[in-house]
Amino acid sequence: MTGVFQFFAFWVSRKAGDRGILAFTLFFILTTLMSGLTSNDVVILTGTVFLSYFTKVSGITPTAFLVSEFTTANIASMALFIGNPTNVIVSEAYGISFITYSAWMLLPTIVTLLLSYVVLRLLFHSEKYLPRRIQCPEADPKSVLIDPRGAIFGFILLGLCLITLVATSFAHVPVWMVTLPFAAVMLLWDIQHDLGISFRRLFSFKKRPNVDTISLDTFQAHQGPSSVNTLQSRERSEEQPEIKKKYIIRRFFNWFSRRLPTVKAVMIRLPWSILPFSLGMFILIQALSERGWVGIFAKAMAVFTKNYATAVLGMTFVSILACQFLNNLVSPFTETNEN
């Protein structure tokens, strides 16, 4: 929400100038770093919008840049423990620490990224996708920074969080216990950014007419005092608390949107849909495990365990196949239960 990723995107485009191949390479590196240090969701949410704008202004086909973004978002997120939910699920299931996970995955990730860059260059070698000369956007990178101080603070906080994760991995501290305090600090920063120093205006609401009076006066104006019988009055009085409750809730949300716009935007952009999906997957896989189906799947996959190489290649093939028909979270759920 500080605009820092948009800043880097415009900065990269300015550095590339009118050189299309260099722009493609720099964006490949940028999305790799973004996905590696944060998560693949961040790259998709922030990078796609800019690349769509960039390719439209430059007058080029966006296919190569978008495919490059999707590739780096998926591959680079394997490097660190926090790259995507799949890493967390597998690492937590087997008790793999942050430093151990990175030690095993960093080199394969780098090699795969280099190979994918070569493949992308060969796949999109045509001038249609990667022209030698492009039109560079003229926007100043600093103009897209919404909160420069917040951007600096956020980057420092992210660096400290990664350092703490590495340091505490030797003590086998759960990852959530490390990341949660840093998230809370960043949330407090966003709150103070929205509120500023004018705390005096925090509860400065304009006095509004009483809901009960409005509702009763309006009702009497239309119906007349003589037409209000005892039963109608009783029903109306029972509705008043409900109306007042809705009014208070609506008033709170209006205040929240007006006074804390950054916090509201952050809350809206959080991947809330992952929660019911992940919970549903846990329930489904646990149910399959209780009914014995996971054991059956494990015995069926034992055909790959003739030796270490066939076990790795066989599991890789099955995982890739399962991800095409289901989701990349389903395979880790099932495989961790099998083991």
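Residues numbered from 1 in each chain as written. Predicted model: local features only at pLDDT ≥ 70, side-chain atom pairs only at ≥ 80, totals over all residues. Heavy atoms only, no water.

Trainee: Explain helix 1 (residues 4-16) to me, using residue names and the numbers behind them.
Mentor: In this model, helix 1 (13 residues) spans 18 Å end to end at C-alpha, consistent with the 18 Å of a helix rising 1.5 Å per residue. Every buried residue of helix 1 is accounted for by V4, F7, A9, F10, V12, S13 and A16. Where helix 1 is buried, its residues meet helix 2 (20-37), helix 3 (40-58) and helix 7 (148-168). With its phi angle positive at about 65 degrees, G17 sits one or two positions after the end of helix 1. (Helix = DSSP H or I, 4+ residues; strand = E, 2+ residues; numbered from the N terminus. Expected span 1.5 Å × (residues − 1). Buried < 20%, exposed > 50% of the residue type's maximum accessible area, 1.4 Å probe, protein only. Contact = heavy atoms within 4.5 Å.)

Trainee: I'd love a proper account of helix 11 (residues 261-269), names of residues and values included.
Mentor: Of all the residues in helix 11, the buried ones are T262, V263 and A265. All buried residues of helix 11 project into a common sector of 160 degrees when viewed along the axis, lining one side. (Arc of directions from axis to C-beta.)

Trainee: Which residues make up the UniProt feature "transmembrane region" (unreviewed entry) in the chain, and what values do they have?
Mentor: In the numbering used here, UniProt assigns the feature "transmembrane region" (unreviewed entry) to residues 20-51, 63-83, 103-124, 150-167, 266-288 and 308-330. Span residues 20-51 is 94% helix and 0% strand, its end C-alpha atoms 13 Å apart. Across residues 63-83, helical content stands at 67% and strand content at 0%; the span's end C-alpha atoms are separated by 24 Å. (UniProt positions renumbered as here; feature names shortened; annotations may be inferred.)

Trainee: Could you give me a rundown of empty space enclosed by the protein, with the residues and numbers involved?
Mentor: One way to see where empty space is left: roll a probe the size of a water molecule over the atoms. Under the counting rule described, the total for this entry stands at two cavities of 30 Å³ or more. Volume-wise, the largest cavity comes out at about 80 Å³. Lining the largest cavity are F5, Q6, A9, F27, L30, T31, M34, T46, G47, F50 and L51. Of all elements in the fold, only helix 1, helix 2 and helix 3 reach the threshold of two or more residues within the lining of the largest cavity. Along the lines of polarity and charge, the residues of the lining of the largest cavity split into seven nonpolar, four polar and no charged. Quantified by volume, the second largest cavity comes out at close to 40 Å³. Of all elements in the fold, only helix 2 and helix 4 (63-76) reach the threshold of two or more residues within the lining of the second largest cavity. For the lining of the second largest cavity, the element with the highest residue contribution is helix 2, accounting for four residues. Its residues placed into classes, the lining of the second largest cavity shows five nonpolar, two polar and one charged. (1 Å grid on protein atoms, 1.4 Å probe; cavity = no way out; pocket = protein on both sides within 12 Å on 5 of 7 lines; lining within 4 Å. Points joined across faces, edges and corners; volume = space filled by probe spheres on them. Nonpolar A, V, L, I, M, F, W, Y, C, P; charged D, E, K, R; others polar.)

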